[in-house]
Amino acid sequence: QVHLVESGGGLVQPGGSLKLSCATSGFTFGTAVMAWYRQAPGKEREWVASISTLSSNRKYADSVMERFTISRDNGKSTVYLQMNKLEPEDAAVYYCNAKSGFTSGGPQYPWGQGTQVTVTS
């Protein structure tokens, strides 16, 4: 059974930083492309960033480019999202998932509970 457990969200002022973590189990993490997604109130869930199996490739949505960094620790089966220069538009529930492909494809497993990020002054 696959488990995706996101953590690290919270309340931060505009311009602040947060680091999200996603601990996983139930699948072969080291062979999975991993990704972060987010869903703001009233909006569809959107892809944020992806990382290849050995961290050699990363890809970001235009809206977070140069501000967010995705990373992974295959030994801990955990993926991270460092978020800097946060903007009110970044407020959302953040989720991780394995992705069926690096440049295309969707999430592979049932969603976890997500972690809430609130950006407000």
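Cut-offs applied
Residues numbered from 1 in each chain as written. Predicted model: local features only at pLDDT ≥ 70, side-chain atom pairs only at ≥ 80, totals over all residues. Heavy atoms only, no water. Helix = DSSP H or I, 4+ residues; strand = E, 2+ residues; numbered from the N terminus. Buried < 20%, exposed > 50% of the residue type's maximum accessible area, 1.4 Å probe, protein only. Polar contact = N/O pair within 3.5 Å; in protein donor to acceptor, adjacent residues only side chain to side chain. Salt bridge = Lys/Arg side-chain N within 4 Å of Asp/Glu carboxyl O. Pairing = 2+ DSSP bridges. Axes fitted to C-alpha atoms, helices over the stretch in contact; angles between N-to-C directions. Disulfide = S-S within 2.5 Å.

Draft legend 1. Main features of the side chain of R38. Topologically, R38 is positioned in strand β4 (residues 33–39). Relative accessible area serves as the criterion here: at 6%, R38 is assigned to the buried category. Side chain to side chain, R38 and E46 meet in a polar contact 2.7 Å long. Of note is the side chain of R38, whose polar atom sits 2.9 Å from the side chain of D90.

Draft legend 2. Structural context of the pattern of salt bridges. Counting across every chain of the model gives four salt bridges. Among the salt bridges present, the one from R38 reaches E46, with a minimum N-O distance of 2.7 Å. Given a relative accessible area of 35%, E46 falls into the partly exposed group. The shortest N-O distance in the salt bridge between E87 and R67 comes to 3.8 Å. Of this pair, E87 sits in the loop between β8 (78–83) and β9 (92–99) while R67 sits in the loop between β6 (58–60) and β7 (68–73), and the two are 20 residues apart along the sequence. Here E87 falls in the partly exposed class, since its relative accessible area comes to 34%.

Draft legend 3. Inspection of the sheet that holds β6 at higher detail. Spatially, six strands are ordered β2-β10-β9-β4-β5-β6 in an open sheet, and the strand pairing comes out mixed. The sheet terminates laterally at β2 (10–12) and β6, the two strands that pair on one side only. The average angle at which neighbouring strand axes cross in this sheet is 25°, direction not considered. The sheet contact formed by β2 and strand β10 (residues 115–119) spans three bridges and is parallel. Bridged to G10 within β10 is V117.

Draft legend 4. How the structure looks around unusual backbone geometry. Although it is not a glycine, E66 sits at a positive phi angle of roughly 75°. Mapped onto the fold, E66 is located in the loop between β6 and β7.

Draft legend 5. How the structure looks around the state of the cysteines. On inspection of all chains with the given rule, the structure shows one disulfide. The residue that forms a disulfide with C22 is C96, at a sulfur-sulfur distance of 1.7 Å. Within this pair, whereas C22 is found in strand β3 (residues 18–25), its partner C96 is found in strand β9, the two being separated by 74 residues in sequence. Both residues of the pair, C22 and C96, count as buried.

Draft legend 6. Spatial organisation of the pairing of strand β5 (residues 46–51). In this structure, β4 lies alongside β5, joined through five bridges in antiparallel fashion. Bridging from a neighbouring strand, A35 pairs with S50 of β5. Pairing between β5 and β6: three bridges, direction antiparallel. In the sheet register, I51 faces β6, and the bridge partner there is R58. Once β5 ends, the chain turns through six residues before running back antiparallel as β6, passing S55 with a positive phi of about 65°.

Purely geometric stuff here, so don't read any function into it on its own.
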